[in-house]
Amino acid sequence: DQQVKQNSPSLSVQEGRISILNCDYTNSMFDYFLWYKKYPAEGPTFLISISSIKDKNEDGRFTVFLNKSAKHLSLHIVPSQPGDSAVYFCAAGFSGSARQLTFGSGTQLTVLP
Amino acid sequence: NAGVTQTPKFQVLKTGQSMTLQCAQDMNHEYMSWYRQDPGMGLRLIHYSVGAGITDQGEVPNGYNVSRSTTEDFPLRLLSAAPSQTSVYFCASTASGGETQYFGPGTRLLVL
C-alpha cells in the first residue's frame, strides 16, 4: 500500500501559467514533506520542503502548501518556465530521520513554450 | 566538489551474476541510502546507513547487501542478480541533523 501517492502521472502547462502538482499521504505520523525534481539521466534534486507545523512555504517561484486534515500537499510553480519540465517527486518522512523518506511515484510536468 | 558519485552509469548482467554498485560522497555526510526507481513506483529505499559500520534495511532489501567501512563509501552488492532487479539505482547522502538528501546520478542496471 503506497503511503505517498501522486495520482497524476503527467501534467502539461503553458509557459507563464501556474503549475499545480498534487500529493496525498496516508500516514498521519509523517511530519516533514519534500519535493524533488528530476531531469532525465540525472538524480533527483531537492526543491522545497515543509514541516507539519506550517501550512505554506515559499521559495521564489515555488510554493508548497500543506493541508494536514486532508493529508494533502501541493506544489505551485508560478510562472512556469520550459526549464521546469521534469519529473516531480513528493516525499514524506519524520523530522530527525532524514534517512527514511517515502516517495510518491512522480508527476511528469511539461511546460509548453 | 563532486557531491555524490556513482559507478558504473550503466550495466548489463546475466541472471545469477554478482556485481557491486559503487557510491561515494565527499561531503562528510553521516547518512547514506540506496534507492531503486521503477516505473510507476517512485523511489523505494533498499538499505541505509547512519554512519560507518552501521547499516539497516529499508523497504525492499531482499537480494541486496551493503556495508559501510568508511564515511565516504557505501557500496551496494547484488549477490545473484535476477531480472526483477532491473531498475535504476540511486545513492543519496544526508548531513547529520539535515533533512535534505543529495542524490547521485544513478546506475541503470539491466538483468537478462
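Our structure is the block above this text.
Residues numbered from 1 in each chain as written. Chains lettered and ligands numbered in written order. Predicted model: local features only at pLDDT ≥ 70, side-chain atom pairs only at ≥ 80, totals over all residues. Heavy atoms only, no water.

## What about the environment of A:Asn7?
So the rule is basically this: In DSSP terms, a helix is any run of H or I states spanning at least four residues, a strand is any run of E spanning at least two, and both are numbered starting from the N terminus.
With respect to the helices, strands and loops of the structure, A:Asn7 is situated in the loop between β1 (4-5) and β2 (10-14). The spacing of A:Asn7 and A:Leu66 is 59 residues in sequence and 17 Å in space, taken between C-alpha atoms.

## Points about the pattern of salt bridges
This is how it is decided: By convention in these notes, a salt bridge is any Lys or Arg side-chain nitrogen within 4 Å of a carboxyl oxygen on Asp or Glu. Summary of the burial criterion: residues with accessible area below 20% of their type's maximum are buried, those above 50% are exposed, and those between are partly exposed, where the area comes from a 1.4 Å probe applied to protein chains only.
Taken as a whole and assessed by the stated rule, the structure comprises five salt bridges over all chains. Close ionic contact of A:Glu58 with A:Lys56 constitutes a salt bridge, the shortest N to O distance being 3.6 Å. The salt bridge partner of B:Asp38 is B:Arg44, with a shortest N-O separation of 2.8 Å. By relative accessible area, which is 18% here, B:Arg44 ends up buried. The structure contains a network of salt bridges with shared partners spanning A:Lys37, A:Arg61 and A:Asp84.

## A short note on the interface of chain B and chain A
The line we're drawing: In this analysis, two residues are considered to be in contact whenever any of their non-hydrogen atoms come within 4.5 Å of each other. The buried area of a pairing is the accessible area, by a 1.4 Å probe, that goes missing from both parts when the two are put together, added over both. We define a polar contact as two N or O atoms separated by no more than 3.5 Å, with the added condition that, inside protein, one atom must be a possible hydrogen donor and the other a possible acceptor, whereas residues neighbouring each other in sequence contribute only through side-chain atom pairs. Throughout this entry, Asp, Glu, Lys and Arg are counted as charged residues, while Ala, Val, Leu, Ile, Met, Phe, Trp, Tyr, Cys and Pro are counted as nonpolar. The remaining residues, Gly among them, count as polar.
With 20 residues of chain B at the interface, the matching set in chain A holds 22 residues. Roughly 1,700 Å² is buried in total at the junction of chain B and chain A, and carbon and sulfur atoms are behind 59% of that figure. Between chain B and chain A we count zero salt bridges in total. Summed over the shared surface of chain B and chain A, the number is one residue pair in polar contact (both at pLDDT 80 or more). Looking at the side of chain B that touches chain A, the elements with two or more residues in it are β4 (31-38), β5 (42-51) and β9 (87-94) of chain B. The dominant element in the side of chain B that touches chain A, judged by the number of residues it contributes, is β5(B), at five residues. Looking at side-chain class alone, the side of chain B that touches chain A contains ten nonpolar, nine polar and one charged residues.

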